[in-house]
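Coordinate inspection notes
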Amino acid sequence: MVDSGSVSANIVRFTVQVLRGRWFMLFAALLLMGSTGGAYIFGIYSKEIKKTLGYDQTTLNTLGFFKDLGSTIGIFSGLIAEVTPNWFVLLLGASLNFVGYFMAWISISGRISKPHIWQMCLYICLGANSQNFTLTSVTVTSVKNFPDNRGTLIGLLKGFTGLSGAVMTQLYLAIYGNDSKSLILFIAWLPAVISIFFLYAIRLIKLSRQSKVEKRVIYKYLWISVVLALFIMVITITQKQKTFSHSGYVVTATIVCILLLTPLSITIKEELVIWNLMKKDLAPEMITVETPSLVNPIPQPLNTTPSMEEENQKPKISCFTDVFKPRPERGEDYTILQAILSIDMLLLVIGGFCGLGTSLTAIDNLGQIGESLGYPTLTISTFISLMSIWNYFGRVCIGLTSEILLTRWKFPRTLVMAIILLSSCTGHILIAFPIPGSIYIASVIIGFCYGAHVTLIFTIISELFGLKYYSTLYNCGILAMPLGSYVFNVRVAGFLYDREALKQLNVLGLGRDIGKELTCIGKHCYRLCFIILAAAAFIGALSSFVLFIRTRRFYQGDIYKNFRQETTMANTEAKTTELVSPVTVLKK
């Protein structure tokens with residue numbers, strides 16, 4: 001007869017094993033990445049901000065720039081992550097998220113007096129910057145836990161980030177209905193709650209790794225995310241064609257939640273396999289109690305660590321001195337300054353400035369683009385949702401495709417990035433010279449290319465400069481993106497849009513009333529702007545092609561050789577430890 005106390009104890013131990021396992025860590029990582037969509041749905045609630053506070057397009061684009069500035073200046077989160085535990089990084093991010101978006105919500109809901117423009121910029125910047133703490137903590141930890149499958153893994157994680165906007169939209173419709181003001185409140189509290197709930201789940205897990213097993217499980221997570229993306233795409237299009245009741249939104253949101261939680265079943269299944277193997281391998285006669293008096297002393301390796309005196313006698317070398325040393329080979333660990341001051345990083349930054357900056361400009365202005373072309377509000381929401389979903393597909397598909405191309409045919413990711421940037425030019429041209437339905441195609445192309453570029457730039461940085469300082473270098477690669485957003489979004493798109501809108505008022509013999517929004521209608525409103533954006537994206541493609549020429553020999557070799565050696569050593573050490581160390585009693 002089975003002892004109920006023993007069964008309960010086993011359930012508790014298995015639960016602890018699941019919660020401490022790396023598959024639960026990955027499950028938590030996916031949920032955290034799926035809750036960072038506040039910045040990606042700016043196009044939905046920006047119209048409410050513009051209308052409530054009486055902003056013109058230049059002011060709204062300035063607000064969009066500070067949103068982009070906050071979401072891309074992750075150098076602070078990177079430096080903090082280098083010296084603090086993951087739980088602190090997540091907690092700090094949750095605090096910034098709530099404070100920033102909550103202050104924005106009470107500002108536009110009339111609960112406080114109308115804020116100054118700089119105050120709204122600060123609120124949105126803080127809220128958007130919070131996602132960097134989550135992204136840095138989750139991505140860096142996951143890549144270090146699964147270094148052999150980083151291309152697919154980064155694509156999966158960044159895919160959930162790209163999909164997060166559409167996910168949060170479905171959830172908020174079920175909770176608040178179609179209320180743009182409440183959407184800002186929703187993105188204030190939900191990500192903060194999820195971050196606090198999984199505060200201790202995101203951590204480095206030192207285990208012997210099996211690349212094939214990892215790839216198989218990651219693929220399972222990947223296919224679930226594809227099903228989730230396809231469902232959201234279908235339901236989003238359906239919701240724009242037909243009127244949904246509140247109960248209908250509740251049903252769709254429930255299905256979204258079920259799909260989000262489905263990876264937990266894979267996590268439990270994988271941990272159950274490990275649990276059964278442990279029970280099978282640890283026969284009763286081999287189990288001993290781990291007590292200091294009963295354990296035979298294990299020979300310790302010779303201490304090769306230098307003593308404190310020897311360490312103090314070594315000359316102190318500053319980080320600036322490393323800059324003038326010969327740089328490591330590509331793929332080895334660069335110092336932060338060595339990586340930042342390298343030509344490879346410069347080319348990546350140019351690509352980010354031109355490629356990500358122009359794509360962000362298109363994303364932030366998509367609502368106004370649809371309005372200028374005469375599309376109704378529901379159709380404009382469809383554009384934004386489709387761009388979010390194709391942003392996801394760009395991140396996931398390019399992460400997986402580039403990994404396959406690299407593994408089988410040594411096809412460099414840098415060349416894939418050049419092709420992606422060249423493709424984004426097509427989307428900009430379709431907006432500059434619109435034809436019926438072209439904005440649908442443009443939203444798909446730009447969303448896909450933006451997501452693909454994000455995945456590629458983070459993966460390439462990890463491959464070229466190593467993982468030792470990845471927390472900081474991860475955020476350095478996109479430092480130029482907010483600058484590109486400011487130049488193209490505020491100085492180009494906002495300025496040219498307002499100029500065309502004022503021309504229309506002058507033709508009608510009208511003047512602009514103070515505090516009234518400025519609107520332009522017609523194909524010409526964004527024509528010159530997107531011609532400039534297409535040219536800039538082409539320059540970004542050229543810089544990526546130069547980077548491909550510089551790194552093609554590196555990608556022809558075995559770029560993961562160092563990590564395979566570390567994995568082999570870790571597995572060997574784990575087996576040795578298993579043979580010589582006592583095994584803790586497992587109660588039956």
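First, a word on what this report is: a plain description of the structure on this page. (Residues numbered from 1 in each chain as written. Predicted model: local features only at pLDDT ≥ 70, side-chain atom pairs only at ≥ 80, totals over all residues. Heavy atoms only, no water.)

With respect to the pattern of salt bridges
Inspection of every chain in the model, using the stated rule, returns eight salt bridges. Across the salt bridge formed by R22 and E214, the nearest N and O atoms sit 2.8 Å from each other. Taken together, the residues span a long stretch of sequence, with R22 in helix α2 (residues 22-33) and E214 in helix α10 (residues 211-241) at a distance of 192 residues. Taking the relative accessible area as the measure of exposure, R22 reaches 11% and is therefore buried. Close ionic contact of D344 with R550 constitutes a salt bridge, the shortest N to O distance being 2.8 Å. Note that D344 is positioned in helix α15 (residues 343-364) and R550 in helix α22 (residues 527-556), a separation of 206 residues in sequence. Salt bridges sharing common partners tie together R216, K220 and E270. (Salt bridge = Lys/Arg side-chain N within 4 Å of Asp/Glu carboxyl O. Helix = DSSP H or I, 4+ residues; strand = E, 2+ residues; numbered from the N terminus. Buried < 20%, exposed > 50% of the residue type's maximum accessible area, 1.4 Å probe, protein only.)

As for the environment of L153
Tracing the sequence through the fold places L153 in helix α8 (residues 150-176). When residues no more than four places from it in sequence are discounted, the contact partners of L153 are L26, S142, V143, F146 and I218. (Contact = heavy atoms within 4.5 Å.)

What about α22?
For α22, spanning 30 residues, the distance from its first C-alpha to its last is 42 Å, which sits close to the expected 44 Å at 1.5 Å a residue. The axis of α22 is deflected most strongly, by about 50°, at R550. (Expected span 1.5 Å × (residues − 1). Bend = angle between axes of the 7 residues up to and from the residue.)

Section: a nonpolar patch on the surface
The grouping of W87, F88, L91, I196 and Y200 at the surface amounts to a nonpolar patch, some 490 Å² of accessible area in total. When residues of the nonpolar patch are assigned to their parent elements, the largest contribution, three residues, is made by helix α6 (residues 86-108). By the secondary structure assignment, I196 is in helix α9 (residues 180-197). (Patch = residues over 30% accessible without salt bridge, like charges linked within 9 Å, V, L, I, M, F, W, Y side chains within 5 Å. Areas by Shrake-Rupley, 256 points an atom, 1.4 Å probe, with all protein chains shown as cover.)

Remarks on the packing of aromatic side chains
A full pass over the atoms with the stated rule returns 22 aromatic pairs. Centroid distance Y392 to F393: 5.1 Å. Interplanar angle 65°. Geometry classified as edge-to-face. When its relative accessible area of 9% is taken as the criterion, F393 is described as buried. On the basis of an interplanar angle of 65° and a centroid distance of 6.0 Å, the ring pair of Y526 and F530 is categorised as edge-to-face. Here the two residues Y526 and F530 agree in accessibility, since each one is buried. What links up through ring pairs into an aromatic cluster is the set F24, F27, F197 and F198. (Phe/Tyr/Trp six-rings, centres within 6.5 Å; stacked < 30°, edge-to-face > 60°.)

Digging into the packing of helix α18 (residues 413-432) against α22
Taken N-terminus to C-terminus, the directions of α18 and α22 make an angle of 170°; their axes are 7 Å apart at the nearest point. Taken together, α18 and α22 sit at an angle that is classed as roughly antiparallel. Its residues placed into classes, the contact of α18 with α22 shows 20 nonpolar, six polar and two charged. (Axes fitted to C-alpha atoms, helices over the stretch in contact; angles between N-to-C directions. Parallel < 35°, antiparallel > 145°, perpendicular 65-115°, else oblique. Nonpolar A, V, L, I, M, F, W, Y, C, P; charged D, E, K, R; others polar.)

Considerations on the side chain of T36
The topology assignment puts T36 in the loop between α2 and α3 (42-53). A relative accessible area of 6% places T36 in the buried class. Engagement of the side chain of T36 in a polar contact is seen with the backbone oxygen of M33, the distance being 2.8 Å. In contact with T36, other than residues within four places in its own chain, are Q131, T134, L135, T161 and S164. (Polar contact = N/O pair within 3.5 Å; in protein donor to acceptor, adjacent residues only side chain to side chain.)

Focus on empty space enclosed by the protein
Applying the stated criterion across every chain yields a total of four cavities of 30 Å³ or more. The space that makes up the largest cavity amounts to roughly 210 Å³. With four residues, the top contributor of residues to the lining of the largest cavity is helix α4 (residues 57-72). Among the residues forming the lining of the largest cavity, the class breakdown is 11 nonpolar, six polar and four charged. (1 Å grid on protein atoms, 1.4 Å probe; cavity = no way out; pocket = protein on both sides within 12 Å on 5 of 7 lines; lining within 4 Å. Points joined across faces, edges and corners; volume = space filled by probe spheres on them.)

Considering the packing of α3 against α4
Following both chains from N to C, one finds α3 and α4 inclined at 135°, their axes separated by 11 Å at the closest point. Looking at the two axes, α3 sits oblique to α4. Viewed along their axes, α3 and α4 form a crossing whose handedness is right-handed. For the pair α3 and α4, the contacting residues are F42, S46, I49 and K50 in the first and Q57, L60, L63, G64 and K67 in the second. Taken together, the residues of the contact of α3 with α4 break down into four nonpolar, three polar and two charged. (Left-handed = near helix turned anticlockwise from the far one by under 90°.)

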